[in-house]
Amino acid sequence: MRKNIVAGNWKMNNNAEETQQLINNLKIAIEGLNTEARVIIAPTFVNLSLAQNAVNNSIIEVSAQNMHQAKNGAFTGEISGSMLTSIGIKTVILGHSERRTYFGEDDAMLTEKVKAALENDLEIVFCFGELLEDRKSDNHFNVVESQLKNVLFDLTATEWKNIVLAYEPVWAIGTGETASPEQAQEMHAFIRSLIADKYGAELANDVSILYGGSVKPNNAEEIFSKEDVDGGLIGGASLKAEDFTAIIKAI
Ligand code: PEP
C-alpha cells in the first residue's frame, strides 16, 4: 500500500539557529496531529545532524537534498551516500530541477546517483518534470517518459521499494504557478501506467507519486484530493511552520 508523504525541500535556506527554530516551531504545530502521512524535511547538508537531533520524539524524518555518485575520493565539496547513512539519514532527494539546471545533472549522472544511493540503502525521492516549452509544444508526456525510463526503468522490482517519485513541472517551481489538479492527476496517472506496463499494476500502485510546484495551504487540498497524487514536495511553503503544517493537514 502506498504512503502519503509531505516533504519539505528547504534548499539553501536556514542557518543552524534557524533550522533549530523552524523544527521547534514545526514540532509544536504538528503536535497531536492525527496524520497517516509521512512528514519529511530536507535541510542543507551542514544542518542534517542538528536536524536529526532536533526532530527527536516527533514524526518528522530528515532527508538530504542531494549526494555524489562516487563512494569517496577527490571530489572537493561533495558528500557521499555512506556519509549520509553514517549520520542516520535514510532518504535523499535526487534529480531536482535546480540540480539539473544549475549543476548539469543529466540522466546519465542521475542513473549513477540512483545506483549509489540504492547501494547505500537510501530511499530516493526522485524529481523530474517538463519545462514550460515542453508543455507548450505538447511534448510533456514524452519528456517525462524519457526522464523516468532513462534513469529508473533498469531497476529491479525490489529496488523500486526505495523509490518515491516527485513530478515537478519546472514551470511551476517557485513561480507561484501551479499545475491544475487535473493536470497533476493526468500526469500522475500516466506515470503510474508507465510503471504498470513495465513492472505490473501491483508495483505501480505501491509507488508514492508526489506533486511539486508552488503547493501552498490554499491549493494543497484540491491537488491532494486527486487519486494518483500521494502528497507533495514543497519548496517555499515548507519554510514556514504554519504553512507546512496546513499542507500536512490537507492530505
Ligand atoms: C521545489 O523546489 O521542489 C518546489 C516544489 O518549490 P516550490 O514549492 O517553492 O514551488
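Predicted, not measured: the structure shown is a model, and the values here were computed from it.

Participant: Explain the nonpolar core here, please?
Facilitator: A general tendency of soluble globular proteins is for nonpolar side chains to be buried together. Ranked by size, the top nonpolar core spans 66 residues in total, and within it L152, W160, L165, I191 and I195 carry the most contacts. Top element by residues in this core is helix α9 (residues 181-199). It accounts for 7 residues. Ranked by size, the runner-up nonpolar core spans 11 residues in total, among them A7, A42, V164 and L233.

Participant: What is the right way to read the packing of helix α7 (residues 140-152) against α9 from this model?
Facilitator: Between two packed helices, the angle of one axis relative to the other and the distance separating the axes together describe the packing. The interhelical angle for the contact between α7 and α9, taken along N-to-C directions, is 40 degrees, at an axis separation of 11 Å. It follows that α7 is oblique to α9 by the angle criterion. As for how α7 packs across α9, the hand of that crossing is right-handed. Contact residues: H140, F141, V144, E145, L148, K149 and L152 in α7; E186, M187, F190, I191, L194 and Y199 in α9. Here the contact of α7 with α9 is composed, by residue class, of 9 nonpolar, 1 polar and 3 charged.

Participant: Would you take a moment to explain the pattern of salt bridges for this structure?
Facilitator: Working definition: two side chains of opposite charge can pair if their charged atoms are close together. If you walk through the whole model with that rule in mind, you get 14 salt bridges. Two residues, E105 and K113, come together in a salt bridge whose shortest N-O distance is 2.8 Å. Each member of the salt-bridge network shares a partner with another, and the members are R2, R192, D228 and D230.

Participant: Honestly, the packing of aromatic side chains in this entry has me stumped. Any pointers?
Facilitator: Think of a pair of aromatic rings as described by two things: how far the centres are apart, and how the planes are tilted against each other in angle. Considering all chains together, one arrives at 7 aromatic pairs under this definition. Plain terms: the ring middles of F126 and F128 are 6.0 Å apart, the flat faces sit at 25 degrees to each other, and that makes the pair stacked. We classify F126 as buried; its relative accessible area is 0%. When the ring of W160 is compared with that of Y199, the centres are 5.5 Å apart and the planes differ by 55 degrees; the resulting orientation is tilted. Residue W160 is located in helix α8 (residues 157-160), and its partner Y199 is located in helix α9; the two are separated by 39 residues in the primary sequence. This pair shows no difference in class: W160 is buried, exactly as Y199 is. Here the aromatic cluster, defined as three or more aromatic residues joined through ring pairs, consists of F126, F128, Y167 and Y211. For R99, the ring lying beneath its charged end belongs to F103, and the centroid distance is 4.0 Å. Just above the ring of Y199 sits the side chain of K198; from NZ or CZ to the centre is 5.9 Å.

Participant: I would appreciate a short explanation of the pairing of strand β1 (residues 5-9) in the present structure.
Facilitator: Each regular strand displays side chains that alternate between the two surfaces of the sheet. Burial runs high along β1: 5 of the 5 residues are buried. Residues I5, A7 and N9 line one face of β1 and the alternating positions V6 and G8 line the opposite face, and both faces are buried. Sheet analysis places β1 next to strand β2 (residues 38-42), joined by 5 bridges and oriented parallel. Bridge assignment links I5 to a residue of β2, and that residue is R38. Between the parallel elements β1 and β2, the chain passes through helix α1 (residues 16-30) in a crossover that is right-handed. Of the strand pairs in this sheet, β1 and strand β8 (residues 231-234) are connected by 4 bridges, and their pairing is parallel. Considered in β8, the bridge of G8 is made with I234.

Participant: Explanation requested: the site of the ligand in the structure shown.
Facilitator: Close contacts around the ligand come from 14 residues, with K11, H96, E168, G174 and S214 the closest. Alone, the ligand offers 290 Å² of accessible surface; in the complex the protein occludes 97% of this.

Participant: I would appreciate a short explanation of α1 in the present structure.
Facilitator: Residues separated by three or four positions in an α-helix point in the same direction, a consequence of the helix having 3.6 residues per turn. Between its first and last C-alpha atoms α1 spans 21 Å; for 15 residues at 1.5 Å apiece the expected length is 21 Å, and the two agree. Regarding α1, the residues found buried are T19, L22, I23, L26 and I30. For α1, the angular spread of buried residues about the axis comes to 100 degrees, placing them on one side. Exposed residues pointing more than 90 degrees away from the buried face of α1 are listed as E17 and I28.

Rules used in this analysis
Residues numbered from 1 in each chain as written. Predicted model: local features only at pLDDT ≥ 70, side-chain atom pairs only at ≥ 80, totals over all residues. Heavy atoms only, no water. Core = buried A, V, L, I, M, F, W, Y, C linked by side-chain atoms within 4.5 Å. Buried < 20%, exposed > 50% of the residue type's maximum accessible area, 1.4 Å probe, protein only. Helix = DSSP H or I, 4+ residues; strand = E, 2+ residues; numbered from the N terminus. Axes fitted to C-alpha atoms, helices over the stretch in contact; angles between N-to-C directions. Parallel < 35°, antiparallel > 145°, perpendicular 65-115°, else oblique. Left-handed = near helix turned anticlockwise from the far one by under 90°. Contact = heavy atoms within 4.5 Å. Nonpolar A, V, L, I, M, F, W, Y, C, P; charged D, E, K, R; others polar. Salt bridge = Lys/Arg side-chain N within 4 Å of Asp/Glu carboxyl O. Phe/Tyr/Trp six-rings, centres within 6.5 Å; stacked < 30°, edge-to-face > 60°. Lys NZ or Arg CZ within 6 Å of the ring centre and 35° of its normal. Pairing = 2+ DSSP bridges. Right-handed = clockwise from strand over helix to strand, strands pointing away. Near = heavy atom within 4 Å. Areas by Shrake-Rupley, 256 points an atom, 1.4 Å probe, with all protein chains shown as cover. Expected span 1.5 Å × (residues − 1). Arc of directions from axis to C-beta.

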